[in-house]
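Close look at the chain arrangement
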Amino acid sequence: MTKFSSVRYEILPADPAAHLFEVMLELDRPESGMCFALPAWIPGSYMIREFARNIVWIKGELDGAEAPLGKLDKHTWRLGEIAGGAKRLRLRYVVYAWDLSVRCAHLDMTHGFFNGTQVFLRVLGREQQKHRVRVLPPAGVRDWTVATTLREMRGQGGAKRYGFGWYEADDYAELVDHPVEMGHLTWGRFKVRGVLHEVALNGRHDCDMDRLVGDLAQVCEQQCAVFGAAPPPFERYVFMATLVGEGYGGLEHRASTALLASRNDLPFCGMQTSTEAYRGFLGLCSHEYFHAWHVKRIKPAAFAPYDLQQENYTHLLWLFEGFTSYYDDLALVRAGLISREEYFALLAKTLGAVRRGGGRLVQSVAESSFDAWIKYYRQDENAPNAIVSYYAKGSLIALALDLHIRAKTEGAASLDDLMRLLWSRFGETGVGVPENALPALFKEACGVDISRLLAAAVDGVGDLPLDKLLKPFGVHLAWKAESEQPEIGAKLGSEGEMLKFVQIFNGGPAHRAGLSAGDLLIAVDGLRVKAGGLEKLLACHVAGDRLRLHIFRRDELMKLELTLAAAEPISASLTLAVRERTEAARSRKAWLGQA
């Protein structure tokens, strides 16, 4: 390897068929007892993932001889006693990469993708040094390109844009915040406020790239506008998307986002109107792009800086993920990429998702944020009864606060003003947002005391008063049942030809009848019920009817009695009021950009 006074890596897709990256770490002047650790989690995905489990083997070499390297704990290695004057240490290790997600690493003969948190060991005590990495192509590959926002090194060996070679970062935190995609990539380019933005698509597709980059340019402009008139806070931004048959996900980084999507989500050549799937993809891109400000630069104090070896606890994920979830679709309607009615439909979907879960009556969004590590990211069959989504309810809190501020100030202030204050106070300075700072920040940014509404929304449980908050904007919120059929209070799936109870909703008919998640439904009123047959059966009954169920719980046959209930009103609809004042239409236009 080339000699540099820095921490240096080489990463090679050594065996794409076996999904193995080979990594070499090299550093000068090693010291006895120094340690090397792989992160346990990746920022933006709040769960301990134990990336070190994917290291297949690791070996050390000290000035050409075997290094005394031992394992200290599940993700840390330590160098033993070495003679003074040692000049160079090399660690070679192999990483298994077969996780087709935005969080980890994936390699086969069609492409390679990795996050630095999964492949680059951290040299404890030297995180602030320059870090350089040489990205190598698989053997025999000549036509792959590279998508990353890592900085290309200058001089001999330095990578050229879109190519293999040397890249560099100012420290370890920067190194692992720029994922790398390589393969037969399709590129699209556009500028926003003079800054280059790119799209890199991997996988088979029939994408109308001109339409995609044109729409993304409008989305990005709207998100930039939330934070003021300045250019975005990076020199270049890349949307890197892996396209599959079925898939959905995104993870934010300081100058890029890694996306997983269905190839059918993209706009196809000749598409006349946007599809629901494409609107969803634009919303995903909008969400991750907003994070370049809100999470990557404006962040909780607990994340400034990140401790990548253990959980980082904060009560504020509702602010960071929830507010981002509010602004992602709002940018689409403000840009004119979706209609006002389509935006209302998206809001209604979120309202229904939150109301459907009994967990909203048990857990606050502050608690949900704090416990994300063990609850939200590790959901089980009881999740609907115990957990509220800080994404979904957090977005409704943002909506409620935005509407409240706009109404109280007669349009003179909005949630946008808070975002600009957060950016200038915390994003541009790198200082983390304190846990209890929001009431004062709202008062300073918007001139409105929202402390009571904020406390009830964030620390309380239950539903937000959105019906009242929407009225000054000429919007009527109504609720109805999703079906006229009675309900059993459970989510069902299938296991072969049999119906399986996947989740039991507390307080519902299935709960009262004694059913449990995992039970298999055999018969109703003495007649066999196959997967897909329950809906027809319920159509012949009304609330209050009693059904005799035969189920298998594990290997035991059981007989239970269930009393059907009327379907709960959990389906929301948002419509314009029949009669509205001129002020309502004006306020709505200021909010949505459309009358």
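Anyway, here's the lowdown on the structure attached to this text. (Residues numbered from 1 in each chain as written. Predicted model: local features only at pLDDT ≥ 70, side-chain atom pairs only at ≥ 80, totals over all residues. Heavy atoms only, no water.)

Quick look at the overall build of the chain
The number of helices and strands found in the chain is 16 helices and 29 strands. For 595 residues, the compact-globule estimate of 2.2 N^0.38 gives 25 Å, and the C-alpha radius of gyration of the chain, at 27 Å, lies within 12% of that figure. Its C-alpha atoms give the chain principal-axis dimensions of about 80 × 65 × 50 Å. The 595 residues of the chain split such that 54% are buried. When contacts within the chain are restricted to residue pairs at least 6 apart in sequence, long-range pairs at least 24 apart make up 69% of them. (Helix = DSSP H or I, 4+ residues; strand = E, 2+ residues; numbered from the N terminus. Rg over C-alpha atoms; globule rule 2.2 N^0.38 Å. Buried < 20%, exposed > 50% of the residue type's maximum accessible area, 1.4 Å probe, protein only. Contact = heavy atoms within 4.5 Å.)

Notes on the environment of Trp423
Structurally, Trp423 is set in helix H10 (residues 415-427). Trp423 gets classed as buried once you look at its relative accessible area, which sits at 12%. The spacing of Trp423 and Arg297 is 126 residues in sequence and 8.0 Å in space, taken between C-alpha atoms.

Digging into empty space enclosed by the protein
Inspection of the entire model under this criterion finds three cavities of 30 Å³ or more. As a volume, the largest cavity reaches approximately 90 Å³. In terms of lining, the largest cavity is formed by 14 residues, of which the most central are Ser101, Phe113, Glu181, Thr242 and Leu259. For the lining of the largest cavity, the secondary-structure elements that each account for two or more residues are strand S10 (111-114), strand S19 (236-244) and strand S21 (256-262). For the lining of the largest cavity, the per-class residue count stands at eight nonpolar, four polar and two charged. For the second largest cavity, the calculated volume is near 60 Å³. Lining the second largest cavity we find Ile488, Phe501, Leu521, Val524, Leu534, Leu538, Leu547, Leu549 and Leu562. Residue assignment for the lining of the second largest cavity shows that the elements contributing at least two residues are strand S25 (520-524), helix H15 (534-538) and strand S27 (546-553). (1 Å grid on protein atoms, 1.4 Å probe; cavity = no way out; pocket = protein on both sides within 12 Å on 5 of 7 lines; lining within 4 Å. Points joined across faces, edges and corners; volume = space filled by probe spheres on them. Nonpolar A, V, L, I, M, F, W, Y, C, P; charged D, E, K, R; others polar.)

Section: the packing of aromatic side chains
Evaluated as defined, the whole model comprises 34 aromatic pairs. A centroid spacing of 5.1 Å and a plane angle of 40° characterise the contact between Phe227 and Phe290, whose relative ring orientation is tilted. Here Phe290 lies in helix H4 (residues 276-290) and Phe227 lies in the loop between helix H3 (209-226) and S19, a separation of 63 residues in the sequence. What makes Phe227 buried here is its relative accessible area of 7%. We classify Phe290 as buried; its relative accessible area is 0%. A ring pair is formed by Phe234 and Tyr289, whose centres lie 6.1 Å apart and whose planes are at 75°; its orientation type is edge-to-face. In this pair, Phe234 sits in the loop between H3 and S19 while Tyr289 sits in helix H4, placing the two residues 55 residues apart along the sequence. Both residues of the pair, Phe234 and Tyr289, belong to the buried class. Linked through ring pairs, Trp41, Tyr46, Phe303, Tyr306, Tyr313, Phe370, Trp373, Tyr376, Tyr377, Tyr390 and Tyr391 together constitute an aromatic cluster. Between the NZ or CZ atom of Lys59 and the centre of the ring of Trp57, over which it lies, the distance is 5.0 Å. Positioned above the aromatic ring of Trp479 is the side chain of Arg355, whose terminal nitrogen or guanidinium carbon lies 4.1 Å from the ring centre. (Phe/Tyr/Trp six-rings, centres within 6.5 Å; stacked < 30°, edge-to-face > 60°. Lys NZ or Arg CZ within 6 Å of the ring centre and 35° of its normal.)

A short note on the side chain of Ser368
Tracing the backbone shows Ser368 in helix H7 (residues 365-370). Here Ser368 is in contact with Gln363, Val388 and Tyr390, once residues within four sequence places are set aside.

Re the layout of surface pockets
Taken as a whole, the second largest pocket holds about 670 Å³ of empty space. If you trace the second largest pocket, you find 27 residues lining it, with Ala173, Arg254, Lys299, Pro305 and Tyr306 closest to the centre. The greatest single-element share of the lining of the second largest pocket, amounting to three residues, is contributed by helix H2 (residues 172-175). When grouped by side-chain class, the residues that make up the lining of the second largest pocket number ten nonpolar, five polar and twelve charged.

Details of the packing of H3 against H4
Relative orientation of the contacting elements H3 and H4 amounts to 40°, with a least axis distance of 10 Å. Between H3 and H4, the crossing angle belongs to the class labelled oblique. Relative to H4, H3 is oriented so that their crossing is right-handed. Across the interface between the two elements, Arg211, Leu212, Asp215, Leu216, Val219, Cys220, Gln223, Cys224 and Val226 of H3 pack against Tyr278, Phe281, Leu282, Cys285, Ser286, Tyr289 and Phe290 of H4. (Axes fitted to C-alpha atoms, helices over the stretch in contact; angles between N-to-C directions. Parallel < 35°, antiparallel > 145°, perpendicular 65-115°, else oblique. Left-handed = near helix turned anticlockwise from the far one by under 90°.)

Focus on the environment of Tyr96
Within the secondary structure layout, Tyr96 lies in strand S8 (residues 88-96). Taking the relative accessible area as the measure of exposure, Tyr96 reaches 35% and is therefore partly exposed. With 40 residues separating them in the primary sequence, Tyr96 and Val56 have C-alpha atoms 6.6 Å apart.

Looking at the pairing of S19
Where burial is concerned, most of S19 is hidden: nine out of the nine residues are buried. The pairing of strand S18 (residues 195-202) with S19 spans seven bridges and is classified as parallel. Across the sheet, the residue bridging to Asn202 is Thr242, located in S19. Handedness of the crossover is the feature at issue here: the chain leaves S18, passes through H3, returns alongside S19, and the resulting connection is left-handed. As defined by bridge partners, S19 adjoins S21 across seven bridges and the pair is classed as parallel. Note on S21: the bridge partner recorded for Leu243 is Ala261. (Pairing = 2+ DSSP bridges. Right-handed = clockwise from strand over helix to strand, strands pointing away.)

Some remarks on the sheet that holds strand S17 (residues 186-192)
On the basis of which strands lie adjacent, the open sheet formed by five strands has the order S17-S18-S19-S21-S20 and mixed pairing. The open sheet is flanked by S17 and strand S20 (248-252), the only strands paired with a single partner. The sheet shows a mean angle of 15° between the axes of neighbouring strands, direction not considered.

A short note on H10
Residues of H10 that are buried include every one of Leu415, Asp416, Leu418, Met419, Leu421, Leu422, Trp423, Phe426 and Gly427, and no others. With a side-chain oxygen lying 3.2 Å from the backbone nitrogen of Asp416, the N-terminal cap of H10 falls on Ser414. (Polar contact = N/O pair within 3.5 Å; in protein donor to acceptor, adjacent residues only side chain to side chain.)

Concerning the nonpolar core
Counting 165 residues, the largest nonpolar core has Trp318, Phe442 and Trp591 as the members making the most contacts within it. The leading source of residues in this core is helix H5 (residues 317-334), at ten residues. If we ignore the near neighbours within four places in the chain, the residues touching Phe442 are Phe323, Leu401, Ile405, Leu415, Leu418, Gly447, Val448, Ile450 and Leu454. (Core = buried A, V, L, I, M, F, W, Y, C linked by side-chain atoms within 4.5 Å.)

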